[in-house]
Amino acid sequence: MFGFTRNGLQPGWIACAPAGADAAFALVQPGGAEGRPAVRWTATTPWDRPVAALQRLRRQHALHRHRCVAVLQRHQYQCVTMDAPADVPRADWAAAVRWQLKDTVDFPVDSAAVDVLAVPEGTSYRAQPQLIAVAAAEAQVRPLVECAVDAGAPWQAIDITESALRNLSALVEPEGRAQALLHCQRGHATLVVTHGGELLSTRQMELNLLLDDDADPDVRSAGHEQAGLELQRTLDGVERAFGQVTLARLLITPMPGIHALCDHLAPLLYVPVAPMDLGAALDWSAVPGLLDDPLLLNQQLCAIGAALRTH
């Protein structure tokens, strides 16, 4: 998304994904076992004092020697799907859509950070190409940028959850077909649909699915029912909007209770539903226990996905 430039750094990216009171960090580098991207380390740290947290990680993991990317929290930005500007070069799309967002977002667009993600062409019957515009208020982005500068480990990019999940989906996407990926967090979930390693569609949903093992069974059942309804509507909409491609499956990222959720959704949806198997997609040899802890992996997954960026 919003990028900066810095040279002379080590391979790979370190990503920081704040979520409420904590932030997850991960370093992913190319050239792992069998050519897979390698997760070198992950960490979770309190985020009530971001500068102190970054300074501590800078000492422990040499943040200043790597490209670093921060992931905005979901309340800090908005995504809007719209037609791409006609007769405007791709490099100028962000500037062209800025003023189109004026009546859509609830903050001043003249000082906002704005970037665009192109929706793959040839995926819908629409004549005009589409894009996903991402806008974040200056009041949300500036403190995040300043705290990293103050800590001596400035960001090279600012990203969003949807892009991080796109990177993960691209690892296991079936060739020539689209894929949906659902990532559940406390009280909400993010759905992305990708094709050719790019985003077709995104949606944030208020879903209560990531629950403790001793959660009330009625609460868990209600969450499953709501998820079924929301996903039916959303995937039906995707099928209508992107009729030129076939949706192969819905994958669900690691989380406690994932098999019960898959069992509930499978008979309700027209596509196969399965847990996302990350074991073969990435090299986990440096963090061998992470795959065995679905809650911890769930909490660190956005950081891992953001650290998969290649530019």
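The preceding data block contains the structure.
Source: prediction; values computed, not measured.

Some remarks on the packing of helix α1 (residues 50-61) against helix α3 (residues 138-150)
Move 1: Contact pair α1 / α3: the axes reach a minimum separation of 8 Å and the direction vectors enclose 45°. As judged from the angle between their axes, α1 and α3 are oblique. In terms of crossing hand, the pair formed by α1 and α3 is right-handed. Here P50, V51, L54 and Q55 of α1 come into contact with α3, specifically with C147, A148 and D150.
Move 2: Tallied by class, the residues present in the contact of α1 with α3 amount to five nonpolar, one polar and one charged.

Concerning the pattern of salt bridges
Move 1: If you walk through the whole model with that rule in mind, you get seven salt bridges.
Move 2: Among the salt bridges present, the one from E146 reaches R142, with a minimum N-O distance of 3.8 Å. Taken as a pair, E146 and R142 lie in helix α3 at a separation of four residues, close to a single helical turn.
Move 3: Taking the relative accessible area as the measure of exposure, E146 reaches 40% and is therefore partly exposed.
Move 4: Since its relative accessible area comes to 44%, R142 is described here as partly exposed.
Move 5: A salt bridge links R203 to E230, with the nearest nitrogen and oxygen atoms 2.7 Å apart. You can see R203 sitting in strand β12 (residues 198-205) and its partner E230 sitting in helix α5 (residues 217-241), a full 27 residues away along the chain.
Move 6: On the basis of relative accessible area, E230 is assigned to the buried category, the value being 16%.
Move 7: Overlapping salt bridges, with partners in common, bring together E138, R142 and E146 in one network.

Here we look at the sheet that holds strand β7 (residues 113-118)
Move 1: Pairing within the open sheet is antiparallel, and its three strands lie in the order β6-β8-β7. Across the chains shown, the open sheet's two edge strands, defined by having one partner strand only, are β6 (78-83) and β7. Sheet twist, expressed as the average angle between the axes of neighbouring strands with direction ignored, equals 25°.
Move 2: Of the strand pairs in this sheet, β7 and strand β8 (residues 130-136) are connected by six bridges, and their pairing is antiparallel. Across the sheet, the residue bridging to V114 is A135, located in β8.

Points about the environment of S111
Move 1: Turning to its location among the elements, S111 is positioned in the loop between α2 (93-98) and β7.
Move 2: According to the relative accessible area criterion, S111 is partly exposed, its value standing at 35%.
Move 3: In sequence terms S111 and D218 are 107 residues apart; their C-alpha atoms lie 46 Å from each other.
Move 4: Aside from chain neighbours lying at most four places away, what touches S111 is R98 and E138.

Focus on the pairing of strand β2 (residues 10-19)
Move 1: Here β2 lies mainly inside the structure; seven of its 10 residues are buried.
Move 2: Where β2 and strand β5 (residues 66-71) come together, five bridges link them in parallel fashion. For W13, the partnering residue across the bridge sits in β5 and is R67.
Move 3: In this antiparallel pair of consecutive strands, β2 and strand β3 (residues 22-29), the connection spans two residues, and G20 shows a positive phi of 70°.

Some details on helix α4 (residues 161-171)
The periodicity of an α-helix, 3.6 residues per turn, causes residues three or four positions apart to be oriented the same way.
Move 1: Counting buried positions along α4 gives nine out of 11 residues, so the element sits mostly inside the fold.
Move 2: Of the residues making up α4, those classed as buried are T161, E162, S163, A164, L165, R166, N167, L168 and S169.

Some remarks on the packing of aromatic side chains
Move 1: On inspection of all chains with the given rule, the structure shows one aromatic pair.
Move 2: Lying over the aromatic face of W13, R309 brings its terminal NZ or CZ to 4.7 Å of the ring centre.

So, the side chain of H183
Move 1: Residue position: H183 is located in strand β10 (residues 178-185).
Move 2: Judged by relative accessible area, which is 0%, H183 ranks as buried.
Move 3: Within the local environment of H183, its side chain forms a polar contact with the side chain of T253, the two groups lying 2.8 Å apart.

With respect to unusual backbone geometry
Move 1: For E34, which is not glycine, the phi torsion reads 55° and is therefore positive.
Move 2: Considering the arrangement of structural elements, one finds E34 in the loop between β3 and β4 (38-46).
Move 3: The exposure class of E34 is exposed, given its relative accessible area of 78%.

Definitions and cut-offs
Residues numbered from 1 in each chain as written. Predicted model: local features only at pLDDT ≥ 70, side-chain atom pairs only at ≥ 80, totals over all residues. Heavy atoms only, no water. Axes fitted to C-alpha atoms, helices over the stretch in contact; angles between N-to-C directions. Helix = DSSP H or I, 4+ residues; strand = E, 2+ residues; numbered from the N terminus. Parallel < 35°, antiparallel > 145°, perpendicular 65-115°, else oblique. Left-handed = near helix turned anticlockwise from the far one by under 90°. Contact = heavy atoms within 4.5 Å. Nonpolar A, V, L, I, M, F, W, Y, C, P; charged D, E, K, R; others polar. Salt bridge = Lys/Arg side-chain N within 4 Å of Asp/Glu carboxyl O. Buried < 20%, exposed > 50% of the residue type's maximum accessible area, 1.4 Å probe, protein only. Pairing = 2+ DSSP bridges. Phe/Tyr/Trp six-rings, centres within 6.5 Å; stacked < 30°, edge-to-face > 60°. Lys NZ or Arg CZ within 6 Å of the ring centre and 35° of its normal. Polar contact = N/O pair within 3.5 Å; in protein donor to acceptor, adjacent residues only side chain to side chain.

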